[in-house]
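Letter by letter, the chains look like this.
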Amino acid sequence: MPDHDPGPRSERYARLSVAGSPVCTPGWLTLREPADADARSAELAQRVGGLAPTVVRDVGCGTGSMVRWLAPRLAGSPRWILHDRDPDLLARAVAGTPSAEGVGGDLTTLRAADLAGTSLVTASALLDLLTAEEVDALAAACAGAGCAALLALSVTGDVAIDPPDPLDAALAAAFDAHQRRTVDGRTLLGPDAGPVAAAAFARHGMAVETRPSPWRLGPESAELAEEWLRGWIAAAVEQRPDLDREAGRYLRRRLVARAAGALRVTVGHVDVLAVPS
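All of the points below concern the structure found in this document. In this text, all values refer to a predicted model and were calculated from it rather than measured experimentally. (Residues numbered from 1 in each chain as written. Predicted model: local features only at pLDDT ≥ 70, side-chain atom pairs only at ≥ 80, totals over all residues. Heavy atoms only, no water.)

Here we look at the nonpolar core
And then number 1: Counting residues in hydrophobic clusters, the biggest one holds 54 residues, and the most contacted among them are Trp215, Trp228, Trp232 and Ile233.
And then number 2: With 10 residues, helix α8 (residues 222-239) is the largest single contributor of residues to this core.
And then number 3: If sequence neighbours within four positions are ignored, tryptophan 232 has contacts with Val159, Ile161, Asp168, Leu171, Ala172, Phe175 and Tyr250.
And then number 4: Membership of the second largest hydrophobic core comes to 25 residues, among which are Cys147, Ala149, Phe201 and Ala274. (Core = buried A, V, L, I, M, F, W, Y, C linked by side-chain atoms within 4.5 Å. Buried < 20%, exposed > 50% of the residue type's maximum accessible area, 1.4 Å probe, protein only. Helix = DSSP H or I, 4+ residues; strand = E, 2+ residues; numbered from the N terminus. Contact = heavy atoms within 4.5 Å.)

Considering the state of the cysteines
And then number 1: Within the structure shown, the criterion is met by zero disulfides.
And then number 2: Cysteine cysteine 147 remains unbridged, with the sulfur of cysteine 142 as its closest cysteine sulfur at 4.0 Å. (Disulfide = S-S within 2.5 Å.)

Topic: the packing of helix α5 (residues 132-145) against helix α7 (residues 193-203)
And then number 1: One can describe the packing of α5 onto α7 by two numbers: an axis separation of 9 Å at closest approach and a directional angle of 40°. Taken together, the axes of α5 and α7 lie oblique to each other. As for the relative orientation of α5 and α7, their crossing is right-handed in sense. Across the interface between the two elements, Ala132, Val135, Asp136, Leu138, Ala139 and Cys142 of α5 pack against Val196, Ala197, Ala200, Phe201 and Arg203 of α7.
And then number 2: In terms of residue class, the contact of α5 with α7 is built from nine nonpolar, no polar and two charged. (Axes fitted to C-alpha atoms, helices over the stretch in contact; angles between N-to-C directions. Parallel < 35°, antiparallel > 145°, perpendicular 65-115°, else oblique. Left-handed = near helix turned anticlockwise from the far one by under 90°. Nonpolar A, V, L, I, M, F, W, Y, C, P; charged D, E, K, R; others polar.)

Some thoughts on the pairing of strand β2 (residues 79-83)
And then number 1: Counting buried positions along β2 yields four of five residues, so the element is predominantly enclosed.
And then number 2: Where strand β1 (residues 55-59) meets β2, five bridges bridge the pair, whose relative direction is parallel. By the bridge assignment for β2, valine 55 is matched with arginine 79.
And then number 3: The parallel pair β1 and β2, bridged by helix α3 (residues 65-70), forms a crossover whose chirality is right-handed.
And then number 4: Bridge count for β2 against strand β3 (residues 101-103) is three bridges, and the pairing is parallel. Along β3, the bridge assignment pairs isoleucine 81 with glutamate 101. (Pairing = 2+ DSSP bridges. Right-handed = clockwise from strand over helix to strand, strands pointing away.)

A few points about the pattern of salt bridges
And then number 1: One pass over the full model with this rule turns up 17 salt bridges.
And then number 2: We note a salt bridge from arginine 253 to aspartate 165, for which the minimum N-O separation is 2.8 Å. Here the residue arginine 253 occupies a position in helix α9 (residues 244-259), and aspartate 165 occupies one in the loop between β5 (148-162) and α6 (168-179), the gap between them amounting to 88 residues.
And then number 3: Accessibility expressed as a relative area gives 14% for aspartate 165, which makes it buried.
And then number 4: Ionic pairing is found between aspartate 192 and arginine 180, a salt bridge with its closest N-O pair at 2.8 Å. With aspartate 192 in the loop between β7 (186-187) and α7 and arginine 180 in the loop between α6 and β6 (182-183), the pair connects residues that are 12 residues apart, well separated along the chain. (Salt bridge = Lys/Arg side-chain N within 4 Å of Asp/Glu carboxyl O.)

Comments concerning the environment of alanine 169
And then number 1: In this structure, alanine 169 sits in helix α6.
And then number 2: On the basis of relative accessibility, which here comes to 57%, the residue alanine 169 falls in the exposed class.

Focus: the packing of aromatic side chains
And then number 1: According to the stated counting rule, one finds four aromatic pairs in the structure shown.
And then number 2: Centre to centre, the rings of tryptophan 28 and tryptophan 215 are 6.3 Å apart; their planes meet at 65°, and the pair counts as edge-to-face. Of the two residues, tryptophan 28 is situated in helix α1 (residues 26-39) and tryptophan 215 in strand β9 (residues 215-217); the sequence distance between them amounts to 187 residues. As far as burial versus exposure is concerned, tryptophan 28 and tryptophan 215 are alike and both buried. (Phe/Tyr/Trp six-rings, centres within 6.5 Å; stacked < 30°, edge-to-face > 60°.)

Describing unusual backbone geometry
And then number 1: With an omega dihedral of 5°, the bond running from aspartate 162 to proline 163 counts as a cis peptide bond.
And then number 2: Residues other than glycine seldom take positive phi values, yet alanine 125 does so here, at roughly 55°.
And then number 3: Along the chain, the position of alanine 125 falls in the loop between β4 (120-124) and α5.
And then number 4: At leucine 153, a residue that is not glycine, the phi angle is positive and equals roughly 60°.
And then number 5: With respect to the helices, strands and loops of the structure, leucine 153 is situated in strand β5.
And then number 6: Judged by relative accessible area, which is 1%, leucine 153 ranks as buried.

From the geometry alone we can't say anything about function, so treat these as descriptive.
Here it is as structure tokens:
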């Protein structure tokens, strides 16, 4: 008999998220929010605070975690406009943000005219789900509207798991390939998103700074580490089905380490700040 469950491969690993889906579940977003808050660059947020933005648009807002993290770091009470393609997530974000306005629809269609009057565009864990053309269009829109952009937590592909395992490298390579896959004619940036975004904003005449913003997950973040690990494996197996049998054993080894309090994970991200020159 097989030593793994039947059914779609990726669904046997992920629980709170679907590999490669642009729509995240509220449970996953809630679980990751503390790690996101710890990882985002406080230095870049301080620079944004010095710009004294009056109108902030958070694109791909999810449940509003970026608002909750950034708002206390801004002077005054800027007006928040929240964008998300998922109506349920958007409703949650608006309900949790006093006086915020919600805007649905595809954020990749935003142009300079749509950003008129906006001081700052923010996003979190978004750019790696976009294409190079879509990131360039966002940069052009911000530059055309004269607004700054703070784009946090784009994956870099740098992953370190302790204790190390012989299957780490193969799963990491498969995951990165999955992040860069082509879907409906769109080739996603995945771990290339940070450098591509920095170059795009600079090309459109904006001053750009980047800072690392890694997750560092230890025993105190064991639940998040497990859920991230499951999603990471799910995406890798979806990209390379031949990894499926070994991936099941790999997950069991990792869960044993988690139960012993020995699992530690570092997941690389980068934050990008672009300011009109």
